[in-house]
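# Overview (structure and organization)
Spelled out, the chains give:
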Amino acid sequence: MATPTNNSIIKAFAILDLFDDQRDELTTADVSDLVGLNTITAHRFLKTLVSVGALHSPRKGIYRLGGKLIAYGERARSSRQLAMQLQPFLNALAAESGEGAMATTFDGTMITCIAAAHSNNAYVYSARVGARMEAYATANGKLWLAYSGKEAVESYLQANQLVPLSRATLIDRSALLRETDAIRRQGHAVNQGERETGLSAVAMPIFAPNGAMIAGLSIFAPIAVLDHETEERFVSLLSLAIAAAGNTLFPPSTA
C-alpha cells in the first residue's frame, strides 16, 4: 500500500510556490483565493510559516519569503558544488571496482545521495541522486552516525524508530551503538543487505581540515560479491579516492 501524503505540507508548499518574479508579497486574502483555503486556515498557515522562518512579515498582514529559505538555497548550492567536485572520483571508483559508487550528506535523520556512478555490472541498483535513505540501515548512514559522536547517535536513537526494512536490518539499539563504535575504530562502515535485500556496500568518510565530516563515499555491490577480500579491496579503492578528492577539495597550502 502506498504511503499516504501529508496534505498540510502540500498546502504549505503551495503557498510558497505563489511567490515568483511578479509576486514578492502575499496577504491572507491572496492565499485564501489562490490556494483555495478559508481565511482562518490561510492565516494559520501563514503564521506557522512565519514561526519556522520560511516567511517573515515586514508589516501587519503582509508576508514575504523568509531567511530560512535563503539558507536552504545556499545549502543546496553547496551540496551541488560538492557533488560536482566528487563526481570524477565516483566515476573512477565505479570503473576500478566494477560496481556502483555514491556520495552522501546527512541532515541528522536521513542521508541524501548527492552524486552517483554506475558500472556495467549486470546487477543494477539505481542510486538516484536526491534519494533519501534511512541512516540506521545503510553503510553511509551508519558512517555518518558514527562520526556524529556517541551523544548524537543516542539522540538519534531516541528520536527515530528502527523499523525492519529487510530481514537483515539491525534494529537493536545497543547493537547499533556498538557498531558505530566499531566503525570509528576501523574507519569504514559495511552494509550487508540491511536496507535492500541482496545489496551490500562499504563506505568511508571525507573530512574537512577542521575534522568535520563533509561527505560519505561508498561502493555498492551484490551481497554475494562482498567477501572479506573484496571488502578490503573496496576499502583500499575508497581510501585512494578520498585522498585524491581531499587534495581537490582542500588543496595543500603553497605558502
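## Quick notes on the sheet that holds strand 8 (residues 213–222)
Strand order in this open sheet of six strands is 5-4-3-8-7-6, and the pairing throughout is antiparallel. Looking at the sheet topology across the chains shown, the edges are occupied by strand 5 (132–134) and strand 6 (189–192). Mean inter-strand twist for the sheet, computed between neighbouring axes without regard to direction, equals 30°. This element, helix 5 (residues 139–148), spans strand 3 (100–106), strand 4 (110–117), strand 6, strand 7 (199–207) and strand 8 of the sheet and lies at about 150° to strand 8.

## Topic: the confidence of the model for the chain
For the chain, per-residue confidence averages 88 on the pLDDT scale, and residues scoring 70 or more make up 91% of the total. The least confident element of the chain is helix 4 (residues 67–97), whose mean pLDDT is 81; the most confident is strand 6, at 96.

## What to know about the packing of helix 6 (residues 150–159) against helix 7 (residues 173–186)
Axes are the key here: two packed helices are described by the angle between their axes and the distance separating the axes. Running from N to C, helix 6 and helix 7 point in directions that differ by 150°, and their axes come no closer than 11 Å. As summarised for this structure, helix 6 and helix 7 are arranged roughly antiparallel, according to the angle between their axes. Taken as a pair, helix 6 and helix 7 cross one another with a handedness that is right-handed. Here helix 6 contributes K150, V153, E154, L157 and Q158 to the contact with helix 7, which in turn contributes R173, L176, L177, T180 and R184. A class-by-class count of the residues in the contact of helix 6 with helix 7 yields four nonpolar, two polar and four charged.

## What to know about the nonpolar core
L86, L90, L93, I206 and L217 are the most contacted members of the largest nonpolar core, which has 29 residues in total. At the level of elements, helix 4, strand 3, strand 4, strand 7, strand 8 and helix 8 (228–249) are the ones that each hand at least two residues to this core. The dominant element in this core, judged by the number of residues it contributes, is helix 8, at eight residues. In this view, L90 contacts A101, M102, A103, A115, A116, A117 and L217; residues no more than four positions away in its chain are not counted. One finds A146, L162, I183 and F220 within the second-largest nonpolar core, a separate group that totals 28 residues.

Cut-offs used in this document
Residues numbered from 1 in each chain as written. Predicted model: local features only at pLDDT ≥ 70, side-chain atom pairs only at ≥ 80, totals over all residues. Heavy atoms only, no water. Pairing = 2+ DSSP bridges. Helix = DSSP H or I, 4+ residues; strand = E, 2+ residues; numbered from the N terminus. Axes fitted to C-alpha atoms, helices over the stretch in contact; angles between N-to-C directions. Contact = heavy atoms within 4.5 Å. pLDDT = per-residue confidence, 0-100. Parallel < 35°, antiparallel > 145°, perpendicular 65-115°, else oblique. Left-handed = near helix turned anticlockwise from the far one by under 90°. Nonpolar A, V, L, I, M, F, W, Y, C, P; charged D, E, K, R; others polar. Core = buried A, V, L, I, M, F, W, Y, C linked by side-chain atoms within 4.5 Å. Buried < 20%, exposed > 50% of the residue type's maximum accessible area, 1.4 Å probe, protein only.

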